[in-house]
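The residues making up each chain are set out below.
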Amino acid sequence: MSRRLDIGIASYGNPEGLSRLLASLEKFCRTDWRALVISNPHPDQEANDAARAILSAAGSRVWPSFAKENVGYVGAVNLILKEAETEYVAYCDHDVEHFTEGWDELLAGVLDRHHEVGMMFGNGGPYPIDRGNYW
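As the structure is a computational prediction, the values presented were derived from the model and not from experiment.

**Q** Give a description of the side chain of N40 that names residues and reports values.
**A** With respect to the element layout, N40 can be found in the loop between β2 (32-39) and α2 (45-56). A polar atom in the side chain of N40 sits 2.9 Å from the backbone nitrogen of V71.

**Q** Help me get a handle on helix α1 (residues 15-28), residues and values and all.
**A** An α-helix turns once every 3.6 residues. As a result, residues three or four positions apart point the same way. The end-to-end C-alpha distance of α1, which contains 14 residues, comes to 20 Å, matching closely the 20 Å that a straight helix rising 1.5 Å per residue would cover. Along α1, the positions that sit buried rather than exposed are P15, G17, L18, L21, L22, S24, L25 and F28.

**Q** Would you mind going over the environment of C29 in detail, with residue names and values included?
**A** Inspection of the secondary structure assignment puts C29 in the loop between α1 and β2. Given the relative accessible area of 5%, C29 is considered buried. In this structure the C-alpha to C-alpha distance between C29 and G102, which are 73 residues apart in sequence, comes to 5.1 Å. Setting aside anything within four residues of it in sequence, one finds C29 in contact with I7, S24, W103 and D104.

Each value, and the rule that gives it
- Residues numbered from 1 in each chain as written.
- Predicted model: local features only at pLDDT ≥ 70, side-chain atom pairs only at ≥ 80, totals over all residues.
- Heavy atoms only, no water.
- Helix = DSSP H or I, 4+ residues; strand = E, 2+ residues; numbered from the N terminus.
- Polar contact = N/O pair within 3.5 Å; in protein donor to acceptor, adjacent residues only side chain to side chain.
- Expected span 1.5 Å × (residues − 1).
- Buried < 20%, exposed > 50% of the residue type's maximum accessible area, 1.4 Å probe, protein only.
- Contact = heavy atoms within 4.5 Å.

Here it is in structure tokens:
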């Protein structure tokens, strides 16, 4: 039996990024995952409609919640943490794409072996941040 993992996503006005993120989850996740997506309303109604269409067509692993008012980034993360039901919760910005096969299993494995770790960052991307000994 594979691990269960909730993946939280705060979405706001980037339907193309959201679509790429969800496709990368489908392609590279190996756990029994589900995506908890909090979709904050954006002033651009076309972006809202596109995000709603993407989330509505995404399948049973994606659990969208369409906020009536913009609860902001922190509010969305708090809602994700409230709804999460698994031992570990991964968080992804709505414009992230995963390219590592089984990244979610690797994340859970590190957290299983190192209980002192609370957060992990990739230390990569176009603008890497030196985080010293953080994972």
